[in-house]
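In case you want the letters, here they are:
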Amino acid sequence: MNRYALEMRDITKLFPGVRALDSVSFTVSPGEVHALVGENGAGKSTLMNILSGVFQPDSGSIIIDGKERVFKGTKDAESCGISLIHQEFNLVNSLSVAENIYLGYLHTHKGGFVDWKYVRESASKLIQDLGFNFSVRQRVEDLSIAEKQLVEIAKALSVNAQIIGMDEPTSSLTQKEIDKLFTIINRLREQGITVIYISHKLEEVFSISDTITVLRDGQIIDTKATKDTSNAELIAKMVGRPVDMNYPQRSSKVQDEVVLEADNISCASYVKDVSFTLHKGEILGIAGLVGSGRTELVEAIFGARPLQGGSLLVHGKKVNIGNTSQGKACSIGLVTEDRKETGLALHYSITDNIVISNLPRVSKKGVYSRAMAQKSAAQSVKDLGIRTPSTKQSVINLSGGNQQKVVLAKWLFSDVDILIMDEPTRGIDVGAKYEIYLLMNSLVAQGKSIIMISSELPEVLGMSDRVMVINKGRKKGELAADEMHAEGVMRMALL
Amino acid sequence: MKKTIHNRTAVFEFVLNQTVLLLLLAFIVIMSIVRTSFLAWWNIQSILLDVSIYGVVACGMTMLIISGEFDLSASSQYMWAQILFVTMLNATNNPFLSILVTLVSGLVLGTLNGLIVTKLRVNSFIATLGTMTMIRGLCLVFTNGNMVSTRNEFVKTLGQAQILGVSSLFYIYIGVLVVVSVVLAYTNFGRRLYATGGNIEVARLAGIHTSFQKTMAFSSMGLLCAIAGMMLVTMLRAGSTQYGTDIALTCVAATVIGGTRLSGGAGNAIRTALGMMVIVVLYKALIYLGLQAYYQNLAKGLVLIAVVVFDVYTTRRRAEKIGR
Amino acid sequence: MAGGPQKLKFWSRITIVLRSYGVLIGLVLIIVIASIMEPTFLTANNVLNMLRQASVIGIVSLGVTFVMMTGGMDLSVGAIVSLCSVVAIRMMNTYGQTGGSSALTLVVVALIAAIGFLIGLVNGSIITSINGRLGETFIITYGMQIVVASLALLYSGGQFITGTFTDGLYQQLGTGLFPIFLFLAIALVMHAVLTYTTFGKQICFIGANMECARMSGIKVRLLRTITYGICGMTAALSAIVVTSRVFSASPLQGNGYELEAIAAVVVGGTSQSGGNGGIVNTIIGVLVLSVLGNALNVVGVDANAQLLVRGGIIIVAVALDMWNKKTAQRMATI
């Protein structure tokens with residue numbers, strides 16, 4: 001069988017302000033595990049969304065099993081045997097596993113009534129075929145992340161998917177769970193099902209895939225058989241420039257003064273007994289898997305979550321941070337993970353989004369002055385290199401990188417000493433990323449301190465002075481500059 | 001390890017689910033101790049009657065809440081059904097035609113609500129606030145605030161009929177309850193309502209026509225309001241804009257007390273029925289305790305607030321326990 | 001898709017014009033038609049009367065605007081008006097028999113305003129303590145409506161209270177141009193607060209994106225609670241005006257006020273999603289509904305039939321608003 005299971009030709013996709021995919025072409029043979037690698041923002045998810053019918057390409061064609069297809073929605077893609085397992089699960093939490101697998105189209109008796117017995121038994125069988133054994137009557141919201149992922153795979157199999165895409169499937173799994181997942185993928189391969197495996201975790205890619213395609217900035221760089229390539233070659237292709245030039249050099253040094261000290265802090269079931277210190281002029285990186293509790297940790301420090309145990313000391317003084325206003329008063333700021341949801345008021349202007357953190361600064365005797373605000377915003381725009389025709393522009397029109405800069409500008413405007421950044425360069429193109437790194441460096445040079453959460457290992461290692469690894473809510477370890485290397489961090493994060 | 005956590009959650013779940021039942025039993029027990037006549041047959045009949053009529057509307061409200069919407073116009077639709085039914089009876093003296101016309105009117109009004117919410121994209125609160133005002137206006141124009149009554153014999157017989165000593169209206173309610181429960185649990189349409197309310201994006205991606213689902217839920221509500229209005233007329237042989245001004249929010253409260261989340265995606269009609277019983281028993285108890293009307297209302301208001309706070313609190317605690 | 005974006009722009013421009021000025025255009029049309037049909041419509045007497053009436057609901061609507069701008073709602077304002085009405089008149093009756101003391105009036109007004117503020121704070125505290133979304137807010141304020149309405153009935157024994165006091169100042173508060181002045185004064189103050197103070201700007205931001213406001217260090221819970229307090233206070237002030245006008249108080253005084261106020265806010269263009277619209281919008285909304293009501297009255301349309309019109313207008317106004325937002329968003333992403 002010489003035909004390709006899937007061929008994508010010259011796929012181009014434009015979003016406002018950014019060319020997500022540029023004439024992407026690649027082929028996948030039937031029954032192979034084909035990995036799609038690339039940095040964040042390279043276009044992997046967009047490509048998969050087009051394949052599964054969520055988006056329509058602006059130009060180009062999709063050919064399945066030799067026939068060209070047009071997908072107007074996910075149902076079309078599904079009927080051609082394509083199923084995509086997203087990073088954020090497409091499950092209805094309040095419903096059972098069985099019902100989620102057959103969502104909307106439950107098998108019925110002749111009279112039209114749902115045949116629950118059949119539904120449950122089929123669902124159970126699917127789960128068991130994948131090597132697991134848990135009740136399909138449970139509500140999805142009660143499952144672990146690994147189990148939810150399994151339900152998604154079962155969903156794909158229930159519609160007899162011939163091509164299954166998995167978008168960053170292992171971001172929240174333990175090593176044991178990852179091994180089980182790989183067993184399943186191997187089983188799928190044996191059944192002749194094609195798997196497209198999207199990941200930026202190269203070790204996994206090497207252990208599971210047959211072929212690797214590299215994407216960078218919306219373009220296909222190369223496709224190679226896994227056995228014919230190496231880690232170094234992949235990284236070079238993913239990054240496009242020699243690895244050490246990726247992160248700007250730092251001129252300033254970490255000072256001795258401790259600005260923030262956390263003693264055995266806990267937060268509900270998310271964070272347990274974490275202690276660490278932050279020095280002046282330092283970038284402390286926090287590594288760990290998605291869902292390990294890093295975000296909850298920093299939210300608790302900032303006051304967005306209640307701190308349930310332990311204590312915090314800012315500049316040596318014990319503080320009680322019960323809400324975000326108090327966090328800000330302690331000179332702590334948080335650049336959130338999701339800038340569109342919680343970092344910006346999308347329909348507000350750049351000015352309004354920046355000055356909101358320090359309104360008294362743009363008020364004369366208590367009266368807000370729009371002129372002062374515009375002036376200050378213009379200064380921020382200049383200082384951070386935000387590309388926009390005017391500060392009155394709505395932030396929704398800005399690119400991801402510029403949006404992130406506005407969020408940064410907001411915190412700089414209120415002059416915080418301690419800036420926490422949660423996944424600061426997620427979804428930002430490479431050029432803007434570098435600019436943000438430069439900004440971070442200049443901030444610490446001025447004596448500020450940064451706590452940076454990142455799921456991108458190279459970024460954590462490249463930008464931090466020290467790295468703290470969080471695993472299932474606990475601090476697994478801390479690595480100093482000379483101890484920092486990828487394997488060490490990964491091991492702590494996963495085991 | 002995982003299994004025990006699940007089992008414990010299952011038991012906790014079970015107990016929480018039965019809270020409504022326990023609450024109900026507790027009320028009844030306390031009241032019958034305080035006033036033994038509380039358990040008198042005629043009082044039970046009275047309770048069942050109230051539960052039956054309001055319960056029909058509550059079934060519709062449950063469907064809507066499951067799909068993620070609200071309907072404030074239920075009160076007005078209920079009034080309108082009464083008035084239309086009586087007017088038709090007086091005009092044609094044909095009960096079956098009158099029933100048909102009233103049912104159709106309910107369907108039409110309900111569908112209108114549904115279309116405004118799904119096609120015009122108006123928030124269901126405001127939309128149904130608007131339609132509530134309009135339909136109320138319609139009622140007032142028709143009756144000028146007066147009561148309208150009928151002498152129709154069929155209606156009189158139906159209203160007074162009893163099977164096994166319990167009013168026929170109760171059996172109508174049971175019928176409605178069974179139908180709604182079956183639809184919710186055993187039809188794809190019903191299950192799609194849950195999906196729509198549980199996560200509308202996921203439902204859409206799965207190919208469910210969420211607009212259709214919601215509109216149908218509103219239509220069903222309209223139909224049920226019509227049925228409830230007619231039931232009241234058989235009981236009183238009259239209709240008025242005075243009856244049922246609080247029915248919409250009472251039904252929402254019953255749904256919430258019954259354990260259905262306001263956010264949608266879960267719940268069922270039987271639970272709501274239990275919730276409605278709790279409310280009616282509570283109200284009757286207040287009357288029995290000799291509380292003046294004003295104090296009763298005060299209590300009703302406080303209960304409503306307490307119910308919502310409790311609902312949010314328990315939902316949030318569950319979420320925290322599982323870890324989001 | 002060459003023809004696409006341009007065509008869209010043209011229609012969107014029309015829509016935006018229609019929506020922004022459509023309500024005003026409608027207002028003018030109503031005035032014109034009504035004055036043609038009924039010449040007494042435009043007499044000074046009728047206009048003043050209409051504006052005075054409008055001011056009563058208008059004052060309440062201003063407070064409701066504040067609440068709705070943060071994405072909330074308050075169904076209890078009508079009941080607050082009722083309660084404050086009976087308390088105010090009873091107090092004036094009890095202490096105002098000596099005649100001529102303006103101090104009593106001032107004390108009573110301050111007290112009533114405080115009561116309204118406190119009830120509002122209770123609303124706000126409950127809602128913010130459970131971080132309520134719209135559904136819960138609705139039911140909670142409805143519950144409060146029942147509670148406060150019952151309190152009004154209990155306090156007055158279900159009886160209508162006629163004013164028997166002789167203090168002059170109180171009676172002036174509801175007559176002449178005072179109600180209109182009060183309405184405009186409160187509107188001015190609120191507008192200034194929203195546009196020029198830190199508090200106001202933060203309130204607007206909360207409406208725009210509540211979670212973002214919280215994550216930017218804004219005291220969301222406190223501010224939201226205060227908006228409900230302010231809403232209660234405006235309802236109380238409205239009660240003063242209305243009881244002064246009719247020189248009596250009914251425990252059912254405010255029945256239906258909440259619906260009228262919400263209608264005015266919504267028709268004016270302040271949307272449910274918060275952050276959009278504002279005081280000026282509400283003033284327009286109040287005017288439109290009042291003028292419409294008065295015009296329909298003058299022309300002889302039944303009070304009951306007016307409900308039909310009112311309900312319809314709410315729906316149409318909001319639908320237009322939603323449509324406008326959608327096209328505005330589409331335009332923004334091109």
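A few words on the overall build of chain C. Scanning chain C from terminus to terminus reveals 13 helices and two strands. The buried share of chain C, taken over its 334 residues, is 53%. Residue pairs at least 24 apart in sequence account for 82% of intrachain contacts in chain C once pairs closer than 6 positions are excluded.

Along its length, chain B carries 13 helices and four strands. In terms of overall dimensions, chain B is globule-like: its C-alpha atoms have a radius of gyration of 20 Å, near the 20 Å expected for 324 residues. If one aligns the C-alpha atoms of chain B with their principal axes, the spans along those axes are about 70 × 55 × 35 Å. Counting all 324 residues of chain B, 52% fall into the buried class. Put simply, of all contacts in chain B between residues at least 6 apart along the chain, 79% involve residues at least 24 apart.

Residue and element names in this part refer to chain A. Read from one edge of the open sheet, four strands run E12-E11-E14-E15, paired in antiparallel fashion. In the strand order of this sheet, the two ends are held by strand E12 (271–279) and strand E15 (317–319), each with one partner. When strand polarity is set aside, the average angle formed by the axes of neighbouring strands in this sheet is 20°. One ladder, built from six bridges, connects strand E11 (residues 258–267) with E12; its direction is antiparallel. Looking at E12, one finds that Glu261 is bridged to Thr277. On the sheet, helix H9 (residues 294–302) packs against E11, E12 and strand E14 (309–314) and is oriented at approximately 115° with respect to E11.

Our focus in this paragraph is the interface of chain B and chain C. If you look at the interface, chain B gives 34 residues, while chain C gives 34 residues. Residue assignment for the side of chain B that touches chain C shows that the elements contributing at least two residues are helix H5 (124–143), helix H11 (247–257) and helix H13 (293–322) of chain B. Per-element tally for the side of chain B that touches chain C: the top contributor is H5(B), with 13 residues.

Turning next to the confidence of the model for chain C. All names here are of chain C. Per-residue pLDDT for chain C has a mean of 84; in total, 87% of the residues score no lower than 70. Within chain C, the lowest mean pLDDT, 68, falls on helix H1 (residues 3–37), and the highest, 95, falls on helix H10 (residues 220–246). Confidence drops under a pLDDT of 50 for residues 1–5, and excluding neighbours within four residues, the segment shows one contact in the predicted structure.

So, about the environment of Phe96(B). Among the structural elements, Phe96(B) can be located in helix H4 (residues 95–118). Phe96(B) gets classed as exposed once you count the C-beta atoms within 10 Å, which come to 9.

Residues and elements named next belong to chain A. The side-chain alternation of strand E6 (residues 82–85) yields two buried faces, one formed by Ile82 and Leu84 and the other by Ser83 and Ile85. Examined bridge by bridge, E6 and strand E7 (residues 163–167) share four bridges and lie parallel to one another. Considered in E7, the bridge of Ser83 is made with Ile164.

Our focus in this paragraph is the interface of chain A and chain C. Often, the extent of an interface is quoted as the loss of accessible area upon association of its parts. Taken together, the contacts link 28 residues of chain A with 17 residues of chain C. Of all the secondary-structure elements, those providing two or more residues to the side of chain A that touches chain C are helix H10 (324–329), helix H11 (339–343) and strand E18 (367–368) of chain A. For the side of chain A that touches chain C, the per-class residue count stands at 12 nonpolar, 13 polar and three charged.

Here the focus is the nonpolar core. Grouped together as the largest cluster of nonpolar side chains are 345 residues, with contacts concentrated most on Ile420(A), Val57(B) and Cys84(C). Every residue in contact with Val57(B), bar those within four places of it in the chain, is listed here: Ala74(B), Tyr78(B), Leu224(B), Cys225(B), Ala228(B), Ile247(B) and Cys251(B).

With that out of the way, let us pick up the packing of helix H2 (residues 44–69) of chain C against helix H7 (residues 178–196) of chain C. Residues and elements named next belong to chain C. Running from N to C, H2 and H7 point in directions that differ by 20°, and their axes come no closer than 8 Å. The orientation of H2 relative to H7 falls into the category roughly parallel. Between H2 and H7 lies a crossing of left-handed hand. Along the contact surface, H2 presents Leu51, Arg52, Ser55, Val56, Gly58, Ile59, Leu62 and Phe66, while H7 presents Pro179, Ile180, Leu182, Phe183, Ile186, Ala187 and Met190. Of the residues in the contact of H2 with H7, the class split is 12 nonpolar, two polar and one charged.

Our focus in this paragraph is the environment of Ser98(B). Residue and element names in this part refer to chain B. Its location among the elements puts Ser98 in helix H4. According to the C-beta neighbour criterion, Ser98 is buried, with 25 such atoms within 10 Å. When the C-alpha positions of Ser98 and Leu169 are compared, they lie 18 Å apart, and in sequence the two are 71 residues distant. Every residue in contact with Ser98, bar those within four places of it in the chain, is listed here: Phe85, Met88, Leu89 and Thr92.

Glancing now at unusual backbone geometry. Positive phi, close to 50°, is recorded for Asp65(A), a residue that is not glycine. For Asp65(A), the position within the fold is in the loop between strand E4 (59–64) and strand E5 (67–69).

Turning our eyes to something else, we now look at the sheet that holds strand E21 (residues 466–471) of chain A. Residues and elements named next belong to chain A. Spatially, E16-E19-E20-E13-E21-E22 is the arrangement adopted by the six strands of the open sheet, whose pairing is mixed. If you trace the sheet from one side to the other, it starts and ends with strand E16 (332–335) and strand E22 (474–479), each paired once. Taking the axes of each pair of neighbouring strands and ignoring which way they run, one obtains an average angle of 20° across the sheet. Note: E16 against strand E19 (residues 418–422), four bridges, orientation parallel. Bridging across to E19, Leu334 finds its partner in Ile420. The strands touched by H9 are strand E13 (283–288), E16, E19, strand E20 (449–453) and E21; relative to E19, the strand with the most contacts, the crossing angle is about 150°.

Between the first and last C-alpha of helix H7 (residues 168–186) of chain B there are 27 Å, a value that for 19 residues agrees with the 27 Å anticipated at 1.5 Å per step. Against helix H2 (41–66), strand E3 (166–167), helix H8 (188–198), helix H10 (210–236) and helix H12 (269–288) of chain B lie the buried residues of H7(B).

The next thing to look at is the packing of helix H8 (residues 198–208) of chain C against H10(C). Residue and element names in this part refer to chain C. Two elements in contact, H8 and H10, have axes separated by 10 Å at closest approach and are oriented at 105°. The orientation of H8 relative to H10 falls into the category roughly perpendicular. In this structure, H8 contributes Gln202, Ile203 and Ile206 to the contact, and H10 contributes Val220, Leu223, Arg224 and Thr227. Grouping the constituent residues of the contact of H8 with H10 by class yields four nonpolar, two polar and one charged.

Residues and elements named next belong to chain A. Hairpin connection, E11 to E12: the antiparallel pair is bridged by three residues, and Ala268 has positive phi, about 45°. Judged from the five bridges that link them, E11 and E14 form a sheet pairing that is antiparallel. Opposite Ala262, over in E14, you have Leu312 as the bridge partner.

The rules we used
- Residues numbered from 1 in each chain as written.
- Chains lettered and ligands numbered in written order.
- Predicted model: local features only at pLDDT ≥ 70, side-chain atom pairs only at ≥ 80, totals over all residues.
- Helix = DSSP H or I, 4+ residues; strand = E, 2+ residues; numbered from the N terminus.
- Buried ≥ 20, exposed ≤ 12 C-beta atoms within 10 Å, placed from the backbone.
- Contact = placed C-beta atoms within 7 Å.
- Rg over C-alpha atoms; globule rule 2.2 N^0.38 Å.
- Pairing = 2+ DSSP bridges.
- Axes fitted to C-alpha atoms, helices over the stretch in contact; angles between N-to-C directions.
- pLDDT = per-residue confidence, 0-100.
- Nonpolar A, V, L, I, M, F, W, Y, C, P; charged D, E, K, R; others polar.
- Core = buried A, V, L, I, M, F, W, Y, C linked by C-beta atoms within 7 Å.
- Parallel < 35°, antiparallel > 145°, perpendicular 65-115°, else oblique.
- Left-handed = near helix turned anticlockwise from the far one by under 90°.
- Expected span 1.5 Å × (residues − 1).

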